[in-house]
Amino acid sequence: MTPQDVAEFAMGLPEATESEPGPGMTLFKVGGKIFAVLTEANASRPDQVTLKCDPDLSLHLREQYPAVGPSYYARLPHWNTVVLDGTVPADELADMIEHSWERVVAGLPRTTRDRLQRLHQDQP
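Residues numbered from 1 in each chain as written. Predicted model: local features only at pLDDT ≥ 70, side-chain atom pairs only at ≥ 80, totals over all residues. Heavy atoms only, no water.

Colleague: Looking at this structure, how should I read the pairing of strand β1 (residues 17–22)?
Modeller: Residues in a regular strand project their side chains so that they alternate between the two faces of the sheet. Relative to strand β2 (residues 25–30), β1 runs antiparallel, the two being bridged by 4 bridges. Bridge assignment links Thr 17 to a residue of β2, and that residue is Lys 29. (Pairing = 2+ DSSP bridges. Helix = DSSP H or I, 4+ residues; strand = E, 2+ residues; numbered from the N terminus.)

Colleague: I would appreciate a short explanation of the pattern of salt bridges in the present structure.
Modeller: Should the charged atoms of two oppositely charged side chains come close, the side chains can pair. Per the counting criterion, the structure on display carries 2 salt bridges. Of the charged contacts, one joins Arg 115 and Glu 15 as a salt bridge, the two residues approaching to 2.2 Å between their closest N and O atoms. Here Glu 15 lies in the loop between α1 (3–11) and β1 and Arg 115 lies in helix α4 (residues 110–122), a separation of 100 residues in the sequence. Owing to a relative accessible area of 33%, Arg 115 belongs among the partly exposed residues under this scheme. Residue Glu 15 is classed as partly exposed on the basis of its relative accessible area, which comes to 40%. (Salt bridge = Lys/Arg side-chain N within 4 Å of Asp/Glu carboxyl O. Buried < 20%, exposed > 50% of the residue type's maximum accessible area, 1.4 Å probe, protein only.)

Colleague: Please clarify how the sheet that holds strand β4 (residues 48–52) should be interpreted in this entry.
Modeller: In sheet architecture, strand pairing relies on hydrogen bonds along the backbone and comes in two forms, parallel and antiparallel. Taking strand neighbours across the sheet as the criterion, the 6 strands line up as β1-β2-β3-β4-β6-β5 in an open arrangement whose pairing is antiparallel. Of all strands in the sheet, those bounded by a partner on one side alone are β1 and β5 (68–70). Taken over all neighbouring pairs, the strand axes of this sheet differ in orientation by 30° on average, direction set aside. Sheet topology note: the β2/strand β3 (residues 33–39) ladder contains 6 bridges and is antiparallel. By the bridge assignment, Leu 27 is partnered in β3 with Val 37. Sheet contacts for α1: β1, β2, β3 and β4; angle to β3, the most-contacted strand, approximately 165°. (Axes fitted to C-alpha atoms, helices over the stretch in contact; angles between N-to-C directions. Contact = heavy atoms within 4.5 Å.)

See below:
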């Protein structure tokens, strides 16, 4: 997936919003909470996306794909950074983005969570 593909997929999730806090960085949120951080390449790093993830799944993904590693900015076990170098299959990366959205939604207030989960289930 390219950075544009990541952005399009993230924005296709129910009630996702996008903001740019600074040059080269795009935040994707649901319910006011970040579920993805897209960072453009510069001289010191390639294009990458940081995603929330179940800690056990994080370890599995890090073992399976060299492009998946711990997040530099969110040094917590439930955040992964994925280098967008094409080595992670597009469907796997889409699953990671969706999983991140789901993890954030699970932490929202019940009425919001239930509504968003229904919207997500109704998507084609």
